[in-house]
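Below, each chain spelled out in residue letters.
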Amino acid sequence: MNIILPDNFTRYEEQEKVVFIKNGILYMKNTYKFKTLMKELTYTIYGRNHCFGCGRYIRNGKETIDHIVPQDYGGPDITNNMIPYCKECNFRKDNLMPDQYERYLKIDNQVERDEFIKKCNLENENLRYDKNFSYLYDDENGYWVKQCPINKIKGADKRVDYTEGKKKSRKYDGISQYYSKYNKFQKPIIVDRNMNLLGGYQSLTFAKERNRKENKKRSVEKKIEMLPVIVLENVQVFY
């Protein structure tokens, strides 16, 4: 799939061009943080001072990024899934899907709103158990996520240690617990047009560690051969 890009965008570090757009392709140096770049692109495309939730003006420093498909339900950090919201709207929308949020806003009674949120959260939670279900679909791109062999992802041979340190351990443990409960990954891995890894290092680390353990057991039943991947056809990493 292609991500939404502005007409022009350039970033320099120490007079070196590290991000630029040419012929509809976003080129980024491998050292530039992908998530940070997606936020910068989103604000460049839509601006910082208009809330796409309530339509009001956003004062400087009060802007936030809303994930249209919430991150808890697999929403990726790409411009197609990010839009500027004020803090109030972002807090109010929380983990509701876009269609759910539209219905929520039409309810005037706060008690009924609270009951509606509980109902939506239960529906979304139940859908997590469906291994083949994904919210990441639109008419233009179809399903965003593809299943890809782990050995096709460039960077899969680079070991990233997310098992040490409190913050890193929480992320790694969260992925492990989610996979154990739902038998799938919470968010897809993101790669560029050449299969270079852009986002999802923790998930990749978990998959590699799990496969190492299964190799020691001489078991293949629980090995993770395929990973959920979003391939960004108009993004290319350079070194």
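Residues numbered from 1 in each chain as written. Predicted model: local features only at pLDDT ≥ 70, side-chain atom pairs only at ≥ 80, totals over all residues. Heavy atoms only, no water.

With that settled, the discussion passes to helix H6 (residues 201-216). Over its 16 residues, H6 runs 23 Å from end to end, which matches the ideal 22 Å to within 8%, given 1.5 Å per residue. Here H6 has its buried residues at Gln 202, Ser 203, Leu 204, Thr 205, Phe 206, Ala 207, Lys 208, Glu 209, Asn 211 and Glu 214. Following H6 by one or two positions, Arg 218 adopts a phi angle in the positive range, close to 60°. (Helix = DSSP H or I, 4+ residues; strand = E, 2+ residues; numbered from the N terminus. Expected span 1.5 Å × (residues − 1). Buried < 20%, exposed > 50% of the residue type's maximum accessible area, 1.4 Å probe, protein only.)

Attention shifts here to the environment of Gly 142. As for its placement among the helices and strands, Gly 142 is situated in strand E7 (residues 142-143). Judged by relative accessible area, which is 18%, Gly 142 ranks as buried. Note: C-alpha distance between Gly 142 and Val 220 (78 residues apart in sequence) is 32 Å. Those residues within four positions of Gly 142 in sequence are excluded, and the remaining contacts are Leu 136 and Tyr 137. (Contact = heavy atoms within 4.5 Å.)

With that settled, the discussion passes to the sheet that holds strand E10 (residues 197-199). A sheet is described by the order of its strands in space; here four strands give the open sequence E8-E11-E9-E10, paired in mixed fashion. Strands at the two margins of the open sheet, each flanked by one partner only, are strand E8 (146-149) and E10. Taking the axes of each pair of neighbouring strands and ignoring which way they run, one obtains an average angle of 50° across the sheet. As paired strands, strand E9 (residues 189-191) and E10 are joined by two bridges and run antiparallel to one another. Counted as the bridge partner of Val 191 is Leu 197 from E10. Packed onto the sheet, H6 meets E9, E10 and strand E11 (226-231) and runs at close to 115° relative to E10. (Pairing = 2+ DSSP bridges. Axes fitted to C-alpha atoms, helices over the stretch in contact; angles between N-to-C directions.)

This part takes up helix H1 (residues 34-46). In a regular helix each residue adds 1.5 Å, so 13 residues correspond to 18 Å; H1 covers 18 Å between its end C-alpha atoms and thus fits that length. Here H1 has its buried residues at Phe 34, Leu 37, Met 38, Glu 40, Leu 41, Thr 42 and Tyr 43. Two residues or fewer after H1 comes Gly 47, characterised by a positive phi angle close to 85°.

In terms of burial, strand E5 (residues 82-86) is largely enclosed, as five of its five residues are buried. Burial along E5 is two-sided: Met 82, Pro 84 and Cys 86 facing one way and Ile 83 and Tyr 85 facing the other are all buried. Examined bridge by bridge, strand E4 (residues 63-67) and E5 share five bridges and lie antiparallel to one another. Opposite Thr 64, over in E5, you have Tyr 85 as the bridge partner.

The next subject is the pattern of salt bridges. If you walk through the whole model with that rule in mind, you get eleven salt bridges. With its nearest N and O atoms 3.4 Å apart, the salt bridge here joins Asp 77 to Lys 187. A residue pair is termed long-range when its members are at least 10 positions apart, and Asp 77 in the loop between E4 and E5 and Lys 187 in the loop between helix H5 (166-182) and E9 qualify at 110 residues. With a shortest N-O distance of 3.3 Å, Arg 128 and Glu 125 are connected by a salt bridge. Highlighted residues: Arg 128 and Glu 125, both in helix H4 (residues 110-128), separated by three residues, approximately one helical turn. Each of Glu 125, Arg 128 and Lys 181 takes part in one network of salt bridges that share partners. (Salt bridge = Lys/Arg side-chain N within 4 Å of Asp/Glu carboxyl O.)

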